[in-house]
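Summary of structural features
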Amino acid sequence: MRIATMTSLFREQRGREDSISYIESIKRCNAAGFNVLDFNMCAMLHKKTELNSKDWRKQADRIREEAEKLGIEFAQSHPPYRPSMQGSFKTEEEEEFFADITRRSIIISSMLGVKWAVMHPVTECENIEYNMDANLAHNHRMFDAFVELAMKENVGIAFENMADRDRRRRFGTSASELIALVESYGDKNIGVCWDTGHGNRVYEDPVRPIRELGKRIKALHINDNHGDIDEHLLPFEGTLAWEEIMKALKEIEYEGDLVYEIRLNNNMPDALKDVSAQYAAEVGHYLLSLCK
């Protein structure tokens, strides 16, 4: 395992609507001590990135070239995700836009050498609720075309564990549901991304599902909380037992990287962003020391 973070660590700017460019973000992540990154493209849904432009391939090439100069590896990516539990959009135009940016994000992942692109499972709650077969069929309807493209582009798909929302049960919150979804594809290039914060919201013992999923875990979203909402805190700022989590990752012989999905400095003045990111890197090194 290596410490890593999402490029979104430097995306937000206090008091401004626009985002920091990907190239500036990866430079600052690298300077803070991260040379392995998750390429986060979620902001494409809100048309807030340079990858929303018509010359997106050229932009992706520029990002790849800069990353190569810095010695940065993109181990994971996070394509845009559907904002509703069920996954459907209100209009056909919105659906077409989402399909376009998702296809684009998979191609960009391939261009950047990403091994695993993380996607959010969806929940069948219009026709039949709490039905495993219906949920599996619904996810295949939503994702099969994207999975097919990813396989052609040599990018693995890792389905992320969810957390219940708006007091409604959500598919993909349990290890057993993720196992069923992964096995329904029957392909070694389909796996699981374990989000530690989501696990802490769902499980009384958030370490147990890590052991249950075992080698199916191909990617991680590392963050902490107090068990109620997605706070995306740095490890040790919430209630997760990180000593036990790292022990479990070692036991299952997890082969990926320790990838932060944190909001540590989203609202910080720019002058404080870099030093806080350096601190996050130090925490990451401490986490890795727990595996020795």
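Anything mentioned here points back to the structure above.
All of these numbers come straight from a predicted model, not from anything done at the bench.

1. Focus: the sheet that holds strand β5 (residues 156-160)
Spatial ordering of the open sheet is given by β7-β6-β5-β4-β3-β2-β1-β8, a layout of eight strands whose pairing is parallel. In this open sheet, the two edge strands, each paired with only one partner strand, are β7 (217-221) and β8 (258-260). Here the average twist between neighbouring strands, direction ignored, is 30°. Pairing of strand β4 (residues 116-119) with β5 involves four bridges; the strand directions are parallel.

2. A short note on the packing of helix α1 (residues 22-32) against helix α2 (residues 56-70)
Two elements in contact, α1 and α2, have axes separated by 10 Å at closest approach and are oriented at 15°. If you check the angle between α1 and α2, you find them roughly parallel. As α1 runs across α2, the sense of the crossing is right-handed. Residues Y22, I23, I26, K27 and N30 of α1 lie in contact with α2, whose contacting residues are R62, I63, E66, A67 and L70. Residue composition of the contact of α1 with α2, by class: six nonpolar, one polar and three charged.

3. Considerations on the state of the cysteines
Under the defined criterion, the tally for this structure stands at zero disulfides. C291 takes part in no disulfide bond, and the closest cysteine sulfur to it belongs to C193, at a distance of 17 Å.

4. What to know about the nonpolar core
Residues F34 and F74 are the most contacted members of the largest nonpolar core, which totals 80 residues. Looking at which element gives the most residues to this core, the answer is helix α4 (residues 132-152), with seven residues. With near-sequence residues (within four places) excluded, F34 lies in contact with I3, A4, T5, L9, C29, Y260, A277, A280 and A281.

5. Structural notes on the side chain of T49
Its location among the elements puts T49 in the loop between β2 (36-40) and α2. At 3.0 Å, the side chain of T49 and the backbone nitrogen of L51 are in polar contact. Among the polar contacts listed, one links the side chain of T49 to the side chain of N52, at a separation of 3.1 Å. Leaving out residues up to four positions away in the same chain, T49 has contacts with Y22, A43 and M44.

6. Things to note about the packing of aromatic side chains
Using the criterion set out here, one finds eight aromatic pairs in the structure. Residues F34 and Y260 carry aromatic rings whose centres are separated by 6.1 Å and whose planes lie at 75° to one another, so their mutual orientation is edge-to-face. Of this pair, F34 sits in the loop between α1 and β2 while Y260 is found in strand β8, placing the two residues 226 residues apart along the sequence. Grouping residues by exposure puts F34 and Y260 together as buried. Each ring, one from F236 and one from Y286, has its centre 5.7 Å from the other, and the planes form 70°; the classification is edge-to-face. Separated by 50 residues along the polypeptide, F236 in the loop between β7 and α8 (242-251) and Y286 in helix α9 (residues 270-289) bring together distant segments of the chain. On the accessibility criterion, Y286 (45% relative accessible area) is partly exposed. Ring pairs connect the aromatic residues Y22, F39 and F74, which therefore count as one cluster. Over the ring of F97 we find K47; its NZ or CZ atom is 5.0 Å from the centre of that ring.

Calculation notes
Residues numbered from 1 in each chain as written. Predicted model: local features only at pLDDT ≥ 70, side-chain atom pairs only at ≥ 80, totals over all residues. Heavy atoms only, no water. Pairing = 2+ DSSP bridges. Helix = DSSP H or I, 4+ residues; strand = E, 2+ residues; numbered from the N terminus. Axes fitted to C-alpha atoms, helices over the stretch in contact; angles between N-to-C directions. Parallel < 35°, antiparallel > 145°, perpendicular 65-115°, else oblique. Left-handed = near helix turned anticlockwise from the far one by under 90°. Contact = heavy atoms within 4.5 Å. Nonpolar A, V, L, I, M, F, W, Y, C, P; charged D, E, K, R; others polar. Disulfide = S-S within 2.5 Å. Core = buried A, V, L, I, M, F, W, Y, C linked by side-chain atoms within 4.5 Å. Buried < 20%, exposed > 50% of the residue type's maximum accessible area, 1.4 Å probe, protein only. Polar contact = N/O pair within 3.5 Å; in protein donor to acceptor, adjacent residues only side chain to side chain. Phe/Tyr/Trp six-rings, centres within 6.5 Å; stacked < 30°, edge-to-face > 60°. Lys NZ or Arg CZ within 6 Å of the ring centre and 35° of its normal.

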